[in-house]
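Given next are the chains, with one letter for each unit.
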Amino acid sequence: MEITSFEQFELNRQLLNAVADLGYTEPTPIQQKTIPLSLGNHDVLGIAQTGTGKTAAYLLPLLMKVKYAQGNSPRALILAPTRELVMQINEAVGELGKYTDLRHLALYGGLGPKTQIETLRKGVDLLVTTPGRFMDLYRLGEIVTKDIRTMVLDEADKMMDMGFMPQIRSILEVIPTKRQNLLFSATFGGRVERLSAEFLEAPVKVEVTPQASTADMVNQVIYEVPNFRTKINLLDYLISKDTFQRVIIFARSKSNAENIYKFLARKVVETAQIRVIHANKGQNTRINAMDAFKEGNVQVLVATDVAARGIDVAQVSHVINFDLPLIYEDYVHRIGRTGRANHTGEAITFLTMAEEYHVQKIEKIIRMTIPRQPLPPQVEVAETPFDEQQEMLRSVDEQRRKEDPTFLGAFHEKKAKNLPGGKDRLKIKAKLPGTKKTSSQASGGRSGGASRKTGSAKGASTGSSKRPSSRGGHR
Ligand code: AMP
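Residues numbered from 1 in each chain as written. Predicted model: local features only at pLDDT ≥ 70, side-chain atom pairs only at ≥ 80, totals over all residues. Heavy atoms only, no water.

Chemist: Go over the packing of aromatic side chains, please, and point to the residues and values.
Modeler: One pass over the full model with this rule turns up 6 aromatic pairs. Each ring, one from Y58 and one from F184, has its centre 5.2 Å from the other, and the planes form 50 degrees; the classification is tilted. Taken together, the residues span a long stretch of sequence, with Y58 in helix 3 (residues 54-66) and F184 in strand 6 (residues 180-185) at a distance of 126 residues. Across the pair, F184 and Y58 agree in class, each one buried. Ring plane angle 10 degrees and centroid distance 6.5 Å describe the contact between F134 and Y138, whose orientation is recorded as stacked. Highlighted residues: F134 and Y138, both in helix 6 (residues 131-139), separated by 4 residues, approximately one helical turn. Taken together, the aromatic side chains of F6, F9 and Y24 make up a single cluster linked through ring pairs. (Phe/Tyr/Trp six-rings, centres within 6.5 Å; stacked < 30°, edge-to-face > 60°. Helix = DSSP H or I, 4+ residues; strand = E, 2+ residues; numbered from the N terminus. Buried < 20%, exposed > 50% of the residue type's maximum accessible area, 1.4 Å probe, protein only.)

Chemist: Account for the packing of helix 4 (residues 83-96) against helix 12 (residues 283-294), with residues named and values stated.
Modeler: Across the interface, helix 4 lies against helix 12 with an axial gap of 11 Å and an inter-helix angle of 50 degrees. Between helix 4 and helix 12, the crossing angle belongs to the class labelled oblique. Along this stretch, helix 4 crosses helix 12, giving a crossing that reads as right-handed. Across the interface between the two elements, R83, E84, M87, Q88 and E91 from helix 4 touch Q283, R286, I287, M290 and K294 from helix 12. Grouping the constituent residues of the contact of helix 4 with helix 12 by class yields 3 nonpolar, 2 polar and 5 charged. (Axes fitted to C-alpha atoms, helices over the stretch in contact; angles between N-to-C directions. Parallel < 35°, antiparallel > 145°, perpendicular 65-115°, else oblique. Left-handed = near helix turned anticlockwise from the far one by under 90°. Contact = heavy atoms within 4.5 Å. Nonpolar A, V, L, I, M, F, W, Y, C, P; charged D, E, K, R; others polar.)

Chemist: Please provide a residue-by-residue account of the pattern of salt bridges, values included.
Modeler: Overall, the coordinates contain 20 salt bridges when judged by the stated rule. Between K114 and E118 there is a salt bridge, with its nearest N and O atoms 3.7 Å apart. Here K114 and its partner E118 are both found in helix 5 (residues 114-122), 4 residues apart, which amounts to about one turn of the helix. The partner of K158 in a salt bridge is D330, and the shortest N-O contact between them spans 3.1 Å. (Salt bridge = Lys/Arg side-chain N within 4 Å of Asp/Glu carboxyl O.)

Chemist: Quick one: what's the story with the environment of Q70, residue by residue and with numbers?
Modeler: Along the chain, Q70 falls in the loop between helix 3 and strand 2 (76-79). The exposure class assigned to Q70 is partly exposed, which follows from its relative accessible area of 43%. Beyond its immediate chain neighbours, meaning those up to four positions away, Q70 contacts R75, R103 and D125.

Here it is as C-alpha cells:
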C-alpha cells in the first residue's frame, strides 16, 4: 500500500496534530519506509542523509512508543555526534512532542553539567545526548539506564569518524540488552556495516538514496581559483549578489573560518549580518549564532564541518565550500544544507590546484562530475604569493606520493626540502644553486617583504617539524 499521508501510520492524535502544525503534508520516502517498521518494533538500519526527513522518521515511532511522562528514568536514548545536532534533535522532539507531556533533555559537553544534572534528577522520559557526556553523567551516577527500551544512533558514520566507538561500546554495556535499536547513517561502508552487526538485531535496512548521493535539488558548481586571495575576491563578489540571501560558508579549519569571517565583517556585509562558528567558540556564542541564522536575522554563517554538523535551517540559498572538507563524505553533508524539502539550492565550490586531488575523490563518492564555470570577469585574480605557491606544490607532491609511493617528488619539492626556513633560509637560499627562479618568483608575488617574511617563518615551523634533519644537512 502506498503511503501518502501521516494518517496512514498508526500514530496518535497528539503526534498527527504536531506533524500538521509543522506543515508536513506527506511523509518523505525514509518516513514512508521506516515508520511502519519501527512501529512494528523492528531494528532498523536507515541510510539517509540530513535533509531527507530522517529525524522525524525515527522520532515519530519513538514518541508513539514512549507516549507520556512516566517514572523518573529515561526510556529512550538518542545518540548523536555533536552538540549542535543533539540540540537540533532535541528541538525536533519538542516540536513533534508538543501535545504530549513527555520530558526530554539534551546532554552535551562544552558547559558545566549542573543544570543538566538538576533536570535529570527531576525525571526525564527521553534523552538526546553525545556519547561522551552520557558516559560522564552515567559514571557520576546521574543516569539510571534500567528503563531504556529504545536506542537511536544518529549519524553513525560521523560518530565513527569522530572516534566515538569506545564510548558507544561502553554505553552498550550499561544499557539493557532487550531493546529496540535504530541506526541512521548518511553513508554505508565497512565500518557502519560492522557497527550495525554489533549493535542491531536482525535489522531491516532501508536506503532512500544511493550511498552518499547528493541531493537532487542541489545545483553544484566549481570555480577554479589560483589562491586564497582570489577565493576571498570571489566570495566578495558572490555575497554581494541579491540572491545570496542565506548562505553557509564552509571552511576547512578554525583559522580559515576566522579569516573569512574577519574579511567579510570588515569589507562586505554588515557585522550584524554575519556569524562564525567553530570549536573554539564558546557554547553560548555558537547557540546564539545558530539561532540568529535560523531565524533569518543573519545572512551569512561561516562554519567548520564539525561545528556545522547537522545544522538544520530551512531554505539555505547557497552553500559555499570555501575549502573542500578533509573528510570527503562531509561534502555530501555540507551541500545537504541547501536544496531541502522542495527548495532548489546551490552549492558552490572554490577549488585551487592543490584541491583537485580531493575533488576527484569526492566526485567518485557522489558518482558525478561537478560542472565547472569560469570565474566571473568581475572577480580580480590575485597573484599567488611565493609561500602559498610552495605549499600548494608540496601538497600536490604529497598527493602524488599517496597514489604512487615510489614518486620522489618534483623539482620544487626537493628544493623545498633544502630550505629550512626563517632567516637562515634566506641566507642558504642565496648559496644554493638553482634558487634564482625561486627568488624572482618570490618578488613576482608582490606580496611585499613583510608578508614574505611571515610566510617564511611559517615555513620554518612546518619545515622543522616535518624534516628535522634537513637543516643539519646543509651545514
Ligand atoms: P532531517 O533530514 O531530519 O534533518 O529533516 C530535514 C528537514 O525536513 C527538516 O527541516 C524537517 O523539519 C523537514 N521535514 C521532515 N519531514 C518532513 C515532511 N514529511 N514534509 C516536509 N518537511 C519535512
